Amino acid sequence: MLESIISQINEVFWGSILIILLLGTGLFYTIRLRFIQVREFKKGVQHLTKGFNMNGEEAGEDGMSSFQALATAIAAQVGTGNLAGAATAVISGGPGAIFWMWLSAFFGMATIYSEAVLSQLFKRKVEGEVTGGPSYYIEKLFNGNKFAKGLAIFFSISCILALGFMGNAVQSNSIGEAFQNSFHVPRVITGIVVAVLAGFVFFGGVKRIAAVTEKIVPIMAFLYILTSVIVIGINYMNILKAFEAIFVNAFSTQAILGFLGQGVKKAVRYGVARGLFSNEAGMGSTPHAHAVAKVKNPEEQGHVAIVTVFIDTFVILTLSALVILTTQKDLSNFTGISLTQKAFEGALGSFGGVFIAAALFFFAFSTIIGWYFFGEANIKYLFGKKAILIYRVLVMVCIVIGSMQKVNLVWEMADMFNGFMVIPNLIALLLLSNRVVNVSRKYKMLD
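Basis of the calculations
Residues numbered from 1 in each chain as written. Predicted model: local features only at pLDDT ≥ 70, side-chain atom pairs only at ≥ 80, totals over all residues. Heavy atoms only, no water. Helix = DSSP H or I, 4+ residues; strand = E, 2+ residues; numbered from the N terminus. Buried < 20%, exposed > 50% of the residue type's maximum accessible area, 1.4 Å probe, protein only. Contact = heavy atoms within 4.5 Å. Areas by Shrake-Rupley, 256 points an atom, 1.4 Å probe, with all protein chains shown as cover. Expected span 1.5 Å × (residues − 1). Bend = angle between axes of the 7 residues up to and from the residue. Patch = residues over 30% accessible without salt bridge, like charges linked within 9 Å, V, L, I, M, F, W, Y side chains within 5 Å. Salt bridge = Lys/Arg side-chain N within 4 Å of Asp/Glu carboxyl O. Arc of directions from axis to C-beta. Axes fitted to C-alpha atoms, helices over the stretch in contact; angles between N-to-C directions. Parallel < 35°, antiparallel > 145°, perpendicular 65-115°, else oblique. Core = buried A, V, L, I, M, F, W, Y, C linked by side-chain atoms within 4.5 Å. Left-handed = near helix turned anticlockwise from the far one by under 90°. Nonpolar A, V, L, I, M, F, W, Y, C, P; charged D, E, K, R; others polar. Polar contact = N/O pair within 3.5 Å; in protein donor to acceptor, adjacent residues only side chain to side chain. Phe/Tyr/Trp six-rings, centres within 6.5 Å; stacked < 30°, edge-to-face > 60°. Lys NZ or Arg CZ within 6 Å of the ring centre and 35° of its normal.

Looking at this structure, how should I read the overall build of the protein?
A tally of regular secondary structure across the protein gives 19 helices and two strands. For the protein, buried positions account for 63% of its 447 residues. Sequence-distant contacts in the protein: of pairs separated by 6 or more residues, those separated by 24 or more amount to 83%. About 16300 Å² of surface is accessible on the protein, with carbon and sulfur atoms providing 66% of the total.

Shown next as structure tokens:
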């Protein structure tokens, strides 16, 4: 019954309201910033490659390096949304959902640029530590009156629930399922192990979070991309059919490659929802990482943020989708991470399932770290540092509980709380757009 109620709420949220708001905000910023995601993409790559260092400066109370902030943002973005999320989008919305993921991500690149810029503009020190995020720039609306403060508090509570608690339950849920499928390990055991490992990082503070993400993210991304390309290469005969399925199903109910044509409405709903869960553009999560980056000016981190969405959606998520769509095995009886595992097994045998279990562990574990960090920033906003210990313990409990829950219920709850986060963040982004434009003009981005 709980799943049914939450599903109905999500149908209202994701049926039209949030899709219009997210795509509309992305389109708005794309036009106002003159397609900055295209014009300035090269600069974002340059900032990324220039700052690339897996053993960079130590993070501390004054923040992280730009690369560490980028790695933390990508750690949060690249998780089950790229493996299990791509699978559930294809099954629930048809192959056409991938097209809508791409479209929302393209416009989302402009949105996330604005989020990063605003997070840099309004970051502050709380009890000696640099922090920031949407709550801080939401509070500045209407000269910081009670309504703005209330909206900021609502965002913080939603973020803590959506990411720190429900979101991390989703991550551990997929890890538990993958390890049960490949190694027959009981889910609760996997949940406990993940919680203990995560707690070790949590209690190390920002220094340990930055040190872990800057090492895990580059390695896990490279290995996953390489293996996915190999699988797609093995199934090369279906590559053109896969792209045909994506574009045809995005606008019709036609079934291609054995996947049921779900219709345009479902393709849009699941494409945008799973795309958001994956790249998080407009959701208000990654600004917490971008806020603590030590950069010369705000637009530099905005450029870096653009690249994070590209890597997440146009590279990693697309590869996951193509692996599923090019497989020659019957996948109609599978969903979630099980579907992704079976797709890899179709080309690589049992090694494929084992590889996905291992890849998902690192992807989801890094996301747990990133989302914990985002929630912690909002704990600081609401209560200061005194409540962090309680928050850490509660996140670890959610990791264990999430590993044992029914997959559909966990995903539906994550979608609902994500929706609660989106609304106050988008309100702030739209009302503070002049600040973003002025920063871009100041640093010659809109000459």
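Would you mind showing me how to read helix α14 (residues 298–326) here?
Since one α-helical turn is 3.6 residues long, residues separated by three or four positions face the same way. With 29 residues, α14 should cover 42 Å at 1.5 Å per step; its first-to-last C-alpha distance of 41 Å lies within 8% of that length. The sharpest bend along α14 measures roughly 30 degrees and falls at T318. α14 sits mainly inside the fold: 26 of its 29 residues count as buried.

Help me understand a nonpolar patch on the surface in this model?
On the surface, V188, I189, I192, V193, V196, L197, F203, L389, V393, V397, I401 and M404 cluster together into a nonpolar patch covering about 990 Å² of accessible area. For the nonpolar patch, the elements supplying multiple residues, two or more each, are α9 (187–202) and α17 (388–402). A per-element tally of the nonpolar patch places α9 first, with six residues. If you trace the backbone, I401 turns up in helix α17.

Help me out: how do you make sense of the environment of S350 in this one?
Topologically, S350 is positioned in helix α16 (residues 350–383). Remark: the alpha-carbon pair of S350 and S182, spanning 168 residues in sequence, is separated by 8.4 Å.

What is the right way to look at the pattern of salt bridges in this model?
Side chains that differ in sign of charge can pair as their charged atoms come close. One pass over the structure, following the stated rule, counts nine salt bridges. Note that E214 is salt-bridged to K215, the shortest N-O span being 3.7 Å. With relative accessibility at 3%, the residue E214 sits in the buried group. With a closest N to O distance of 3.6 Å, K380 and E376 form a salt bridge. Note that K380 and E376 are positioned in helix α16 at a spacing of four residues, about one turn of the helix. Residue classification places E376 among the buried residues on the basis of a relative accessible area of 5%.

Please clarify how α9 should be interpreted in this entry.
Compared with the 22 Å implied by 1.5 Å per residue over 16 residues, the 22 Å span of α9 between its first and last C-alpha is a close match. Those residues of α9 lying buried are R187, T190, G191, V194, A195, A198, G199, V201 and F202. On an axial view of α9, the arc spanned by its buried residues comes to 165 degrees, and they lie on one face. Set apart from the buried face of α9 by more than 90 degrees, the exposed residues are V196 and F200. Lining the buried residues of α9 we find α8 (146–183), α10 (205–234), α16 and α17.

I keep staring at the packing of helix α6 (residues 96–121) against helix α19 (residues 433–442) and nothing clicks. Help me out?
How two helices pack is summed up by the angle between their axes together with the distance between the axes. For the pair α6 and α19, interaxial distance at closest approach is 10 Å and the crossing angle is 85 degrees. Looking at the two axes, α6 sits roughly perpendicular to α19. Together, Y113, S114, V117, L118 and L121 of α6 and R435, V436, V439 and S440 of α19 make up the contact between the two elements.

Explanation requested: the nonpolar core in the structure shown.
In a soluble, globular protein the nonpolar side chains are often hidden away together inside. Counting 140 residues, the largest nonpolar core has W14, Y137, I138, L163 and Y224 as its most contacted members. It is α16 that provides the largest number of residues to this core, a total of 17 residues. Other than its neighbours up to four places away in sequence, Y224 contacts N82, L83, I316, S320, F344, F355, I356, A359 and F363.

Is there a simple way to explain unusual backbone geometry in this structure?
Of all residues except glycine, most have a negative phi; of all peptide bonds, most are trans. A positive phi angle is found at F35, which is not glycine, with a value near 55 degrees. Within the element layout of this structure, F35 appears in the loop between α1 (2–32) and α2 (36–39).

So what exactly am I meant to see when it comes to the side chain of T327 here?
Assignment of secondary structure puts T327 in the loop between α14 and α15 (336–348). Classification of T327 as buried rests on a relative accessible area of 9%. With sequence-adjacent residues up to four places away left out, T327 is seen in contact with N235, N238, A343 and G346.

I'm lost on the packing of α9 against α16 in this one. Help?
Orientation of α9 relative to α16, taken along the N-to-C sense of each, is 45 degrees, at an axis distance of 10 Å. In this view, α9 runs oblique relative to α16, as classed from their interaxial angle. For the element pair α9 and α16, the recorded crossing hand is right-handed. The segment α9 lies against α16, with V194, L197, A198, V201 and F202 engaging F361, F365, I368, I369 and Y372. Classifying every residue of the contact of α9 with α16 gives ten nonpolar, no polar and no charged.

Help me understand the side chain of Q120 in this model?
You can see Q120 is positioned in helix α6. Of note is the side chain of Q120, whose polar atom sits 3.4 Å from the backbone oxygen of A291. Engagement of the side chain of Q120 in a polar contact is seen with the backbone oxygen of A293, the distance being 3.0 Å. When sequence neighbours within four positions are dropped, the list of residues in contact with Q120 reads H290, A291, V292, A293, V295, P298 and Q301.

How should I be thinking about the packing of aromatic side chains in this particular structure?
Across all of its chains, the model carries 27 aromatic pairs by this definition. Judged by centre distance (4.9 Å) and plane angle (65 degrees), the rings of F41 and F310 are edge-to-face. A residue pair is termed long-range when its members are at least 10 positions apart, and F41 in helix α3 (residues 41–51) and F310 in helix α14 qualify at 269 residues. On the accessibility criterion, F310 (30% relative accessible area) is partly exposed. Through successive ring pairs, a cluster of aromatic residues spans F99, W100, W102, F243, F247 and F251. Lying over the aromatic face of F200, R208 brings its terminal NZ or CZ to 4.2 Å of the ring centre.

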